[in-house]
Amino acid sequence: MADEDWEDSIKPGIAVVIWFGISIAMIVMGAVYKDDCPNQPYIPMYLIVAGVTRVLIFGLTPMKFFYKKVTYIIQNALGLFAIGWLITGCIWVFPIFNAFTNNCGIAVYLFTFSILIIELFFFTLMALGLIVILYKVYAEAMRNRSDGVEIPS
């Protein structure tokens, strides 16, 4: 029983450490290859800003113990910015897919391309999860309504 509790508590921590490491790698890749993509010079900038945004989001987590509301507001604002920046990154990276080999460093381009695909995959999973939750809440409300349970307004 105690082993299962430990495993359940360590798994999210491992995911955070991995994603934090990827965020640092994004900053480093963007800085190292900042002049290596003449076809789309914004790709290294995308990596640097996206990496810094994620590091800030993770770095603010300990502040929740002291300034819960302020930290919540700042992290959500950074999260919304990260979603907008993800869309911007997609606009900058995906259109040059066929031309990247000659005009953009292959390492920085494929790294950025992979990060965007992974983030879009997880964003889609979260959106689908939200849709399922909303559907279940709606179905439960309709079931309560048909059972004659009054829903306070």
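Scroll up to find the structure.
Residues numbered from 1 in each chain as written. Predicted model: local features only at pLDDT ≥ 70, side-chain atom pairs only at ≥ 80, totals over all residues. Heavy atoms only, no water.

A tally of helices and strands in the chain yields five helices and zero strands. Sequence-ordered secondary structure for the chain, helices as α and strands as β, is α-α-α-α-α. The buried share of the chain, taken over its 153 residues, is 24%. For the chain, long-range pairs separated by at least 24 residues make up 63% of all intrachain contacts whose partners lie at least 6 apart in sequence. Here the chain displays about 10,600 Å² of accessible surface, and carbon together with sulfur accounts for 71% of that area. (Helix = DSSP H or I, 4+ residues; strand = E, 2+ residues; numbered from the N terminus. Buried < 20%, exposed > 50% of the residue type's maximum accessible area, 1.4 Å probe, protein only. Contact = heavy atoms within 4.5 Å. Areas by Shrake-Rupley, 256 points an atom, 1.4 Å probe, with all protein chains shown as cover.)

With the rule as written, the count across this model stands at two salt bridges. Among the ionic pairs, E140 bridges to R143, the shortest N-O distance being 3.0 Å. Placement of the pair is E140 and R143 together in helix α5 (residues 106-146), with a separation of three residues, close to one helical turn. With relative accessibility at 45%, the residue R143 sits in the partly exposed group. (Salt bridge = Lys/Arg side-chain N within 4 Å of Asp/Glu carboxyl O.)

Attention now goes to α5. Relative to the 60 Å expected for 41 residues at 1.5 Å per residue, α5 spans 59 Å between its end C-alpha atoms, a close match to the ideal helical length. By the burial criterion, the buried members of α5 are V108, Y109, T112, I115, L116 and E119. (Expected span 1.5 Å × (residues − 1).)

The quantities given are spatial measurements derived from coordinates; they are silent on function.
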